[in-house]
Amino acid sequence: MTSVKTLLRRIRRDESGTTVMEFGLMVTVFMTLLLGLFDLGQLAYTQAILNGAVQEAARTSSLETGDIAVADARITEMVQLSAPGVTVTTDRKSYYDFADVERAESWNDADNSGVCDNGETYTDENGNGQWDEDIGESGNGSAGDVVVYTVTASYDPLFPNPFLSWGSDQRTVTASAVKKNQPFADQSGYGSEAGSCT
């Protein structure tokens, strides 16, 4: 009986296992912070590379000799340096002038709804046969056009964090550039066909 009491007293006084317990508690917090820091670093670096690559691609695409397929491929190549396996999507919208960016086609908004409807008349400025909330046309446009170039890159983190519920979710970064194409030819104007909204 005394040997059991002695053993219990000795176990109660023994503090040699506290280091392991403290380490077990602290390593989770430390690893969460460390992996989070690495993840933020990768995110910031990928965003910086994407911003630079988009500016470069927009500039080269605005030239008469610009090849948008090559420019898009170059962006993917650049972003893969910091985000292996990245998925890159690009979108280009061209406008006649800077003032037209995200502008709706002209229409008679009789009911002040902000939308062309109920038989209101409009001018089909981009020539596609329908009223558009955004007058921009898909693609790189032609000479003298203003192009809004938006690129989205999605990738899996190099340092997924198993301690957070969203730690291994895909990351997404976006960059945009607005450039005016060189005036290598005459700029085509807007159409003037009339239409009626339904």
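Our subject is the structure that appears above.
Residues numbered from 1 in each chain as written. Predicted model: local features only at pLDDT ≥ 70, side-chain atom pairs only at ≥ 80, totals over all residues. Heavy atoms only, no water.

**Some words on the pattern of salt bridges**
Phase 1 of the analysis: Scanning all chains against the criterion turns up 7 salt bridges.
Phase 2 of the analysis: With a closest N to O distance of 2.6 Å, Asp39 and Arg171 form a salt bridge. You can see Asp39 sitting in helix H2 (residues 18-61) and its partner Arg171 sitting in strand E5 (residues 171-180), a full 132 residues away along the chain.
Phase 3 of the analysis: Salt-bridge contacts for Arg103 lead to Glu125; the nearest nitrogen and oxygen are separated by 3.0 Å. Note that Arg103 is positioned in the loop between strand E1 (87-95) and strand E2 (121-124) and Glu125 in the loop between E2 and strand E3 (137-138), a separation of 22 residues in sequence.
Phase 4 of the analysis: The network of salt bridges with shared partners includes Glu56, Arg74 and Glu77. (Salt bridge = Lys/Arg side-chain N within 4 Å of Asp/Glu carboxyl O. Helix = DSSP H or I, 4+ residues; strand = E, 2+ residues; numbered from the N terminus.)

**What to know about the environment of Arg103**
Phase 1 of the analysis: Judged by its relative accessible area of 24%, Arg103 falls in the partly exposed class.
Phase 2 of the analysis: Put simply, Arg103 and Asp132 are 29 residues apart on the chain and 8.9 Å apart in space, counted from C-alpha to C-alpha.
Phase 3 of the analysis: Ignoring sequence-local partners within four residues, the contact set of Arg103 consists of Glu125, Glu133, Asp134, Ile135 and Tyr190.
Phase 4 of the analysis: Within the local environment of Arg103, its side chain forms a polar contact with the side chain of Glu125, the two groups lying 3.0 Å apart. (Buried < 20%, exposed > 50% of the residue type's maximum accessible area, 1.4 Å probe, protein only. Contact = heavy atoms within 4.5 Å. Polar contact = N/O pair within 3.5 Å; in protein donor to acceptor, adjacent residues only side chain to side chain.)

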